[in-house]
Amino acid sequence: MTKSSVKRKFTQKKLSEVAPEFPFTLEDVTNLSERLGEPAWLRERRLSAWQAHSQLPMPSMQDEAWRRSDIRKLPSDRLALKPAEDVSLDPNLLAPLGGEDCGGRLVLRPGLPSQSTGGTELSEHGVVFCDWATAVREHERLLREHLGSVVRESEAKFAALAAGLMQEGALIYVPPGVKLESPLHTIIWAPGSGGLVATRLMVIVDQNAELTLVHETGSPLQPQGEAVYAGMVELHVGEGAKLSFVELQHWGEHVWNFTHERARLESNARIEWVFGAVGSRFTKTYADLDLDGEGAEGRMAAFYITDGEQHLDHDTQQNHLKPHTTSDLLFKGALRNRSRSVWQGMIYVAPGAQQADGYQMNRNLILSDDARADSIPGLEILADDVRCTHGATVGRLEDEPIFYLMTRGLERETAERLMIDGFFTPILERIPLEDLRVRTKAMLHRKLNELTSHG
Amino acid sequence: MNGKLEIRDLHVSVEDKPVLKGVDLTVKPGEVHALMGPNATGKSTLAYALMGHPRYTITQGEVVFNGENLLDKDPAERSRAGLFLAFQYPVAIPGVSVANFLRTAINAHRRALDPEYKGIPVPEFRTLLKQKMDLLEMPYEFAGRYLNDGFSGGEKKRAEILQLATLEPTVAILDETDSGLDIDALRIVSEGVNAVAGPNLGILIITHYQRILNYIKPEFVHIMLNGRIVESGGSDLAKQLEAQGYAWVREKHGEAVSEA
C-alpha cells in the first residue's frame, strides 16, 4: 500500500464519521421569521434555538441513543430551505376520518398556504385549531404561554433545528371542560426533494377537556433525491383532561425523518397515544411521556412496518414523575428485506413517585433473513413501592399456525398475511374510534400489500 | 368429483422413523368410518400425512382423492379439493377473529374456482355464519373472538366443527375430536358432526375411546396397530373393543407389535 492511498483512506474515514452540519445561518433564521410575520420575541426564540443547534454536536454512533442508527449519509449539507412542492395530496390522506362531521381538518404544506375545513362549530366552543400564521396573528398569548414548555427548543440537535427553522405549524387549544366528540385532523404534506422541512405541533387540552386528534405526515415517494424533515410535537394534557392522539407517518422513502415529541400530563389526565409508521428512509423519533401529576395515565402503542433499506428508530421514555401514575407501552413491528428497526425504551420512576405502575413491551416479526430488529427495554427506578415490568421479543412467523391456516384452503401468502394482521390487531384496538381504526387499518394494509408484492 | 378418498399401501416416516407401514383405506361420501387403536400407533400421523404436514414424509404408496393424486398438492389445495381435518390440538391465531378467518377461508375456496371472485358479500356471510353457529349451539359473540386464542378445550373442538360445517368438505377427518371434552361438550360436538353428516360427506373419526361412537355411529370400524390397519369390521367391532380392550388385538397381531 502506498503512502498516498493510506492518507486518502484516513481522510475519507475522518470525513464520514459524523454527518455534515446543515448549511443554514442566523440570517436564514431571521429571514424566515420575518417572512412569516413573527413578532420580535418569536424571532429571538428562533435565534436562540438556532444558536443551540449550532453549538450542539451532530449526533453520531458514539452517542448511546444513536449507537444503532447511522446518519453519516445524511445529506444535510446539500439541503435548501424551500417550500413543499405544489403536488396534490394523496387521496388516501383526504379520505374522511369517518362520519360526516370530522371536527375539522388542517392541511399544512410548509411554504404554501394551508388548507382548512370545518371549524365554525369549534370557535363557538372557544377551540383554537389553526396554522402557524393564524396562531402568530391571533393567539400570541397561547404561544407565549406554551411554546417550548413541553419540548425545550435547545434540548437536542434536531429539536433545535426544528425550532429554529420551522416553516409551518399547528396550534390546537381545547378550553376547560370542552369535550370534542368529532376528531380533528392535521396533515403535514411535504412533497419535493433537496429541502429541509420543519414544523411544530402544539396541542393544549385544558382541564377536563377531551380531544381526539389524528396527525399525519406524508409525501409521495420521490423517484430521486432526498429530503429531511424535522418536527416537534408538544402535547399538554391538563388536569383531568383526555387526549387520544393518533399519529400516522407515511413519508416517502427519500425522507430522513427526525422528531422530538412529548406529552406532559397533569393530575388525573389521560392520553391514548398510537403511532403508525410505514414511511421514510430513516426515522429517529423521540417520544416521551411525562406523567407529571398524581393519577395521570399514559398509554402508548405503535406499529411500524418496514421494507427495502428503511431504518426506523423509536426512542421512548415513560417518565413517572409523581405518585400513582400509570403507563403502558406496546410497540410492534414487522420487517422485511434489509430493513431495520430500533426500539429503545425507558421507564423512569422519580424519587417519591410511589405506586407507579409502568409496563412496556416490544414485539418484532422478522419476515426476511436480512431484516433486523433491535429491542432495548430499560428501567430506572428511584422509588421503592412501584410495579414496573417490561419485555421484548424478536421472532418469525411460526410454521404450525401457517400449516393450520393452509389446511383451511388459504395459500401460504394469505395465511402469513392473516397472521401479520392478527399480530397488529392489539395496536389497532387501541385506536378510539371505529372509523379511525378502519382508516389506520387501510394504511397498514397498503403497506403490507407492498411488502407482499415485493415478494 | 366423486369425493372418494383412497389410501393405498401408505408408508409415512417422521424424521426418518417409519410410522405408517402400509395403510389401505377407502372412504366414500356418505360413509362414516372410525379408526381406532391404542396411543402412538400412527392414527394421527395418518391424519397429518393426508393433510400434507411438511414434517411427515411419504415413503411409499399413494392417495387418490376425487380421482386425483392427493400427494402432489399442498395443504391449501387439499382443503380446496374437499378434504378437511379437525385438529386434535387446534392452533391459536391471536388477533384474528373466528369470523374474519372463516370469511378468508370461504373466499380462498371460492377464488380457487373463480379467480375473479370478489369475496363473499357481508349479508351472505352473516346469514351463513349464523346458520352454522345455530347448528352447533354457539353464541354469536363467539365469531368475534380470536381463533382458538384462550378457548377452552370444548370451544376449540366446536370451532373445528364450525369450520367443517362452513367449508363443506367431501371428506372430513376428525382427529381425537373427543379428547379433553366433558360429556356435555362431547354431546354438542357430536350433534354438530351429525348435523353436517349426510350423503355428500365421508367421515373418518380417529379415536382412542369408543365413547364418541355412542353419538356418531360408524358403519365401518378399523383398528390400527403399529402403523397398519389390522382389523376392519362393522360397528360391533367397536363394541368388542369397549368390552375387551385392545389386549386381544395385540395378542392376535403380536407379530406386528413385536416388529416395533
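Residues numbered from 1 in each chain as written. Chains lettered and ligands numbered in written order. Predicted model: local features only at pLDDT ≥ 70, side-chain atom pairs only at ≥ 80, totals over all residues.

1. As for the interface of chain A and chain B
Inference 1: Facing the 19 residues of chain A at the interface are 21 residues of chain B.
Inference 2: Secondary structure elements with two or more residues in the side of chain A that touches chain B: α9 (399-406) and α10 (412-428) of chain A.
Inference 3: If you tally residues by element for the side of chain A that touches chain B, the top one is α10 of chain A, at 8 residues.
Inference 4: Taken together, the residues of the side of chain A that touches chain B break down into 10 nonpolar, 5 polar and 4 charged. (Contact = placed C-beta atoms within 7 Å. Helix = DSSP H or I, 4+ residues; strand = E, 2+ residues; numbered from the N terminus. Nonpolar A, V, L, I, M, F, W, Y, C, P; charged D, E, K, R; others polar.)

2. Some thoughts on the sheet that holds strand β8 (residues 202-207) of chain B
Residues and elements named next belong to chain B.
Inference 1: As summarised here, the arrangement of the 6 strands in space is β6-β7-β8-β3-β9-β10, forming an open sheet in which the pairing is mixed. Strand pairing shows two members of the sheet lacking a second neighbour, β6 (83-86) and β10 (228-233), which therefore form its edges. For this sheet the average axis-to-axis angle between neighbouring strands, irrespective of direction, equals 20°.
Inference 2: Here helix α5 (residues 153-167) sits on the sheet and contacts β6 and β7 (171-175); the angle it forms with β6, its principal contact strand, is near 165°. (Pairing = 2+ DSSP bridges. Axes fitted to C-alpha atoms, helices over the stretch in contact; angles between N-to-C directions.)

3. Section: helix α6 (residues 183-196) of chain B
Residue and element names in this part refer to chain B.
Inference 1: Helix length check: α6, at 14 residues, gives a terminal C-alpha distance of 20 Å against a target of 20 Å (1.5 Å per residue), a fit within 8%.
Inference 2: Every buried residue of α6 is listed here: L186, V189, S190, G192, V193 and V196. Burial along α6 is one-sided: seen end-on, the buried residues are contained in an arc of 155°. α6 presents I183 and D184 as exposed residues on the side facing more than 90 degrees away from its buried surface.
Inference 3: The elements touched by buried residues of α6 are α4 (122-135), α5 and β7. (Expected span 1.5 Å × (residues − 1). Buried ≥ 20, exposed ≤ 12 C-beta atoms within 10 Å, placed from the backbone. Arc of directions from axis to C-beta.)

4. Some points on the packing of helix α2 (residues 26-35) of chain A against helix α3 (residues 40-55) of chain A
All names here are of chain A.
Inference 1: Contact geometry for α2 and α3: axes closest at 10 Å, N-to-C directions at 155°. Judged by the inter-axis angle, α2 sits roughly antiparallel to α3. Crossing of α2 against α3: the hand is right-handed. Packed against α2, whose contacting residues are L26, V29, T30 and S33, the element α3 presents L42, R43, R46, L47 and W50 at the interface.
Inference 2: Looking at the contact of α2 with α3, its residues break down into 5 nonpolar, 2 polar and 2 charged. (Parallel < 35°, antiparallel > 145°, perpendicular 65-115°, else oblique. Left-handed = near helix turned anticlockwise from the far one by under 90°.)

5. Quick notes on the sheet that holds strand β1 (residues 5-14) of chain B
All names here are of chain B.
Inference 1: In space, the 4 strands of this open sheet follow the order β2-β1-β4-β5, with antiparallel pairing throughout. The open sheet has two free edges, formed respectively by β2 (17-27) and β5 (68-69), since each of these has just one partner strand.
Inference 2: Pairing geometry for β1 and β2, over 8 bridges, is antiparallel. Bridging from a neighbouring strand, E6 pairs with T26 of β2.

6. With respect to the environment of Q51 of chain A
Residues and elements named next belong to chain A.
Inference 1: Residue placement: Q51 occurs in helix α3.
Inference 2: For Q51, a count of 15 C-beta atoms within 10 Å puts it in the partly exposed group.
Inference 3: Along the primary structure Q51 and E309 are separated by 258 residues, whereas in three dimensions their C-alpha atoms are 34 Å apart.

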